[in-house]
Structure formats: C-alpha cells, structure tokens
Amino acid sequence: MTVLITGAAGGLGRAFAVACARRGWNMLLTDLNARGLETIARGLTSRYAVRILTYPCNLTTAEDVDALFRFAFERGLHFDMLFNVAGIDFEGGFAERDAESVTSIVRLNVEATLRVTHRALAAREPGAPFYIVFVSSLASFYPMPLKATYAASKSFLREFAVALREELAPEGVRVLTLCPGGLMTTQQALSAIAAQGFWGGATTNRLETVTQRTITRVLRGRALYVPGVVNRTIRFFGALVPKRLIARAVFARWQGAQKQWLTV
C-alpha cells in the first residue's frame, strides 16, 4: 500500500502517518513545513520497515502540486490511498478578518483539495482499489457564525465526497468523509477546547483513536465517520432543529468562548 498524506508535518496528518507506518505502508508526505516532514520521516523509518518520501509543497499553487506529482512519477509511485488533511482556519468574525486570510481558507480547504484529489486519481495504481479520506468537520453540518468560511468549506468537502463516492464506485474507488469535533492538534486547538469548558472536552477525541478507526472504516467501504458518541448525538438532534436557530445558538455560545481563547 502506498499512501499520499497532505498536511503531514503535524497534528492529524502526522497521526495518520504514524498509523499508516504501523500497518507497514509506504508513504509520500507533503506539507509546507519541510523540517517537520523530515523529522517525522526520520522518526518513522527508524521504527518501522517502511519507505517514506517527503516533498514540501504549497498546495494552493498549481505549479507546486504539479511538481509534487512529477516528483512521485519520477520515483515510480502509484498511490493506493489519499488522505486530504491539509486545511486552515482563522478565528474571529468574517468582517474582522482581512480578505486575504478569509479567501485563503477556501483556496486550501477547497481548491487545493480538489486539485490534489484530481491528480491523485490519475496517479493511482492501475486496476487496484483506491481509497480517499476527506477531512471535514462536525462544523460542516451547521452554519457557524464566527467560523462561517471554515464551516462552509468543510460542508463543501462533505457534500463533494458523497457525490464523488457514487461517481467513482464502479471504478473501485472508496471515499470516506471524516467529521471530527475537537482534536488536540495545536496549542491554539488546545486553547479553544479549554475555553469551551465541559462541551469542549466532551466533543474532543484522541488523535490515535480517530486515525485508526478512520483507516479501518475506509478500508471497509464506509462513507462517513463522526468520532465520539457525543458528537454523533449532536449531529442527530441537530438535524431536527432549524438551521437559523442553530446559528443563533452557536453565535451566543462562541462569542464568549472565542474572546477567551483569542486572548490566551
């Protein structure tokens, strides 16, 4: 099995790399953080009998993505699995952010993900099953004031994945969408979880558990994974409530919490 992981230098991407290495899978890891890629590749190859290549890349530029796949082609790589992990968010209200930071969310979370997925499908192992994991979010199910662009970008990925799954099923392509709540990936994420008090902790799941179960589910052909009983319960009951009311409740809750973690 040869796997391509974007956003692999830290957080969820790094956790997926560890999970794949434990299964003995070879990988091409990409991220903007070249030093982080080298560190994880060195650590994993010292512990597991796997081949790991790294390629620092800005996925928001077509030229860099072309270079990434040219790098793979020149080394004879054909992929069996793709983890679309790379993504960004900026905290704060839409009008409070500069236009560049807001649009950059769409460029990476949506445009870059589509570009990489399109290229990876062309570079898959001929005649073999192919697996794609899109990292969306629990936020993708709801309108999210103060995280409006991020939530909308993740909603796009979730809807796109459902359609792509049906479109490519006859070709042996299996697509799973991962919609986690909180994940302890960065110091900012930890601050955000802490600022939400009880609900922050209740909706947070361990990285190792999420990655292992995601891989198991995509191999079994599952379409959607929402980690955690609390998160699945929120999703179920949230579907019964008008979105306008959800948006109002989210805004009321996040206003205070966001002020708290932005000042940490």
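Calculation rules
- Each chain carries its own residue numbering, running from 1 in the written order of its sequence.
- In keeping with the model being predicted, local features are shown solely for residues with a pLDDT of at least 70 and side-chain atom pairs are shown and tallied solely at 80 or more, while totals for entire chains, interfaces and linings include all residues.
- Each side-chain value is derived from all of the structure's non-hydrogen atoms; neither hydrogens nor water enter the calculation.
- Helix and strand assignments come from DSSP, with helices taken as H or I runs of at least 4 residues and strands as E runs of at least 2, each series counted from the N terminus.
- Throughout this description, buried means an accessible area under 20% of the type-specific maximum (1.4 Å probe, protein chains only), exposed means over 50%, and partly exposed covers the range between.
- Contacts are assigned to residue pairs with any non-hydrogen atoms lying within 4.5 Å of each other.
- Method for areas: the Shrake-Rupley scheme with a 1.4 Å probe, in which residue coverage is limited to the protein chains shown.
- As a rule, the C-alpha atoms of each element are fitted with a line to give its axis, helices using only the stretch in contact, and angles between N-to-C directions run from 0 to 180 degrees.
- Here the word oblique covers every angle except those under 35 degrees (roughly parallel), over 145 (roughly antiparallel) and from 65 to 115 (roughly perpendicular).
- A clockwise turn of the near helix away from the far one marks a right-handed crossing, whereas an anticlockwise turn of less than a right angle marks a left-handed crossing.
- Amino acids are sorted into nonpolar (Ala, Val, Leu, Ile, Met, Phe, Trp, Tyr, Cys and Pro), charged (Asp, Glu, Lys and Arg) and polar (every other residue, Gly among them).
- By definition, a salt bridge exists where a carboxyl oxygen of Asp or Glu is found within 4 Å of a side-chain nitrogen of Lys or Arg.
- Paired strands, as defined in this entry, are two strands with at least two bridges between them according to DSSP.

A word on the overall build of the protein chain
Part 1 of the argument: Scanning the protein chain from N- to C-terminus turns up 10 helices and nine strands.
Part 2 of the argument: Residue burial in the protein chain is summarised as follows: out of 264 residues, 50% are buried.
Part 3 of the argument: Long-range contacts, defined here as pairs at least 24 residues apart, represent 71% of the contacts in the protein chain between residues at least 6 apart.
Part 4 of the argument: Total accessible area on the protein chain stands at roughly 12,700 Å², and carbon and sulfur atoms take up 56% of it.

Some words on the packing of helix 1 (residues 11–22) against helix 8 (residues 207–219)
Part 1 of the argument: Running from amino to carboxyl end, helix 1 crosses helix 8 at an angle of 60°, the nearest separation of the two axes being 9 Å. Between helix 1 and helix 8, the crossing angle belongs to the class labelled oblique. Considering only the axes of helix 1 and helix 8, their crossing is right-handed. Note on element contacts: helix 8 touches helix 1 through Leu207, Glu208, Thr211, Gln212, Thr214 and Ile215, opposite Gly11, Leu12, Ala15, Phe16, Ala19, Cys20 and Arg22.
Part 2 of the argument: For the contact of helix 1 with helix 8, the per-class residue count stands at seven nonpolar, four polar and two charged.

What about the pattern of salt bridges?
Where side chains of opposite charge bring their charged atoms close, a pairing between them can arise.
Part 1 of the argument: Tallied over the full model, the rule gives seven salt bridges.
Part 2 of the argument: Across the pair Arg158 and Glu159 runs a salt bridge, and its minimum N-O distance is 3.3 Å.
Part 3 of the argument: Classification of Arg158 by relative accessible area gives buried; the value is 13%.

Brief notes about the sheet that holds strand 6 (residues 173–178)
Part 1 of the argument: The seven strands are arranged 3-2-1-4-5-6-9 in an open sheet whose pairing can be described as parallel. Looking at the sheet topology across the chains shown, the edges are occupied by strand 3 (52–56) and strand 9 (224–225).
Part 2 of the argument: Packing against the sheet, helix 3 (residues 62–74) makes contact with strand 1 (2–6), strand 2 (26–31) and strand 3, and its axis sits at approximately 160° to strand 3.

A closer look at the environment of Lys243
Part 1 of the argument: Its place among the elements puts Lys243 in helix 10 (residues 243–262).
Part 2 of the argument: Measuring from C-alpha to C-alpha, the distance between Lys243 and Tyr142 comes to 6.8 Å, with 101 residues separating the pair along the chain.
Part 3 of the argument: Not counting chain neighbours up to four residues away, the residues in contact with Lys243 comprise Phe141 and Pro143.

Here we look at the side chain of Thr113
Part 1 of the argument: Here Thr113 is to be found in helix 4 (residues 99–122).
Part 2 of the argument: You can call Thr113 buried: its relative accessible area is 4%.
Part 3 of the argument: Thr113 has contacts with Asn84, Ala86, Leu108, Phe134 and Leu157, leaving out every residue within four places of it along the chain.

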